[in-house]
Amino acid sequence: MSKITRNCEHLDAVTEVKEAKAHKCAECVKTGDSWLHLRTCQTCGVTLCCDSSPNRHASKHAQSSGHPVISSAEPGERWLWCYEDEQIANY
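The model shown is predicted, which means the values in this text are computed figures rather than measured ones.

A. Layout of the pattern of salt bridges. In total, this model carries three salt bridges according to the counting rule given. Across the salt bridge formed by glutamate 77 and arginine 39, the nearest N and O atoms sit 3.9 Å from each other. Linking glutamate 77 in the loop between strand E3 (69-72) and strand E4 (79-82) with arginine 39 in strand E1 (residues 38-41), this pair joins segments that are 38 residues apart in sequence. Exposure remark for arginine 39: the relative accessible area of 12% places this residue in the buried category.

Put into structure tokens, the structure is as follows:
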């Protein structure tokens, strides 16, 4: 996948990608729920579940916190996504 970012200041602002500190969704662990894939917030570093997971904690976090950029926390995946501008970029 090639970089397709057009004009996303949020993605451009990420100078160092925060890696997942733990490989679990912090919110799902609290409630005993499960997740499919994990994402890491590039503003605060919290790791949460993806939109394919039942609770969509990463999206909810982006909406409530104003932290628009996440990275995949899955092994071998190296991309960033901006919820606000709906842009993706590889790193």
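B. Seen up close, the nonpolar core. If you look at the biggest cluster of nonpolar residues, it comprises 13 residues, and the most contacted ones within it are Cys25 and Tyr83. Breaking this core down by element, the ones donating at least two residues are strand E2 (47-49) and helix H3 (57-65). In terms of nonpolar packing, the next biggest core, distinct from the first, is built from six residues, Cys8, Val69, Cys82 and Ala89 among them.

C. Layout of the environment of alanine 58. Position of alanine 58 among the secondary structure elements: in helix H3. Owing to a relative accessible area of 3%, alanine 58 belongs among the buried residues under this scheme. Sequence spacing of alanine 58 and cysteine 8 is 50 residues, and the spatial spacing of their C-alpha atoms is 19 Å. What alanine 58 contacts, discounting residues up to four positions off in sequence, is Arg39, Leu48, Cys49 and Tyr83.

Rules behind the numbers
Residues numbered from 1 in each chain as written. Predicted model: local features only at pLDDT ≥ 70, side-chain atom pairs only at ≥ 80, totals over all residues. Heavy atoms only, no water. Salt bridge = Lys/Arg side-chain N within 4 Å of Asp/Glu carboxyl O. Helix = DSSP H or I, 4+ residues; strand = E, 2+ residues; numbered from the N terminus. Buried < 20%, exposed > 50% of the residue type's maximum accessible area, 1.4 Å probe, protein only. Core = buried A, V, L, I, M, F, W, Y, C linked by side-chain atoms within 4.5 Å. Contact = heavy atoms within 4.5 Å.

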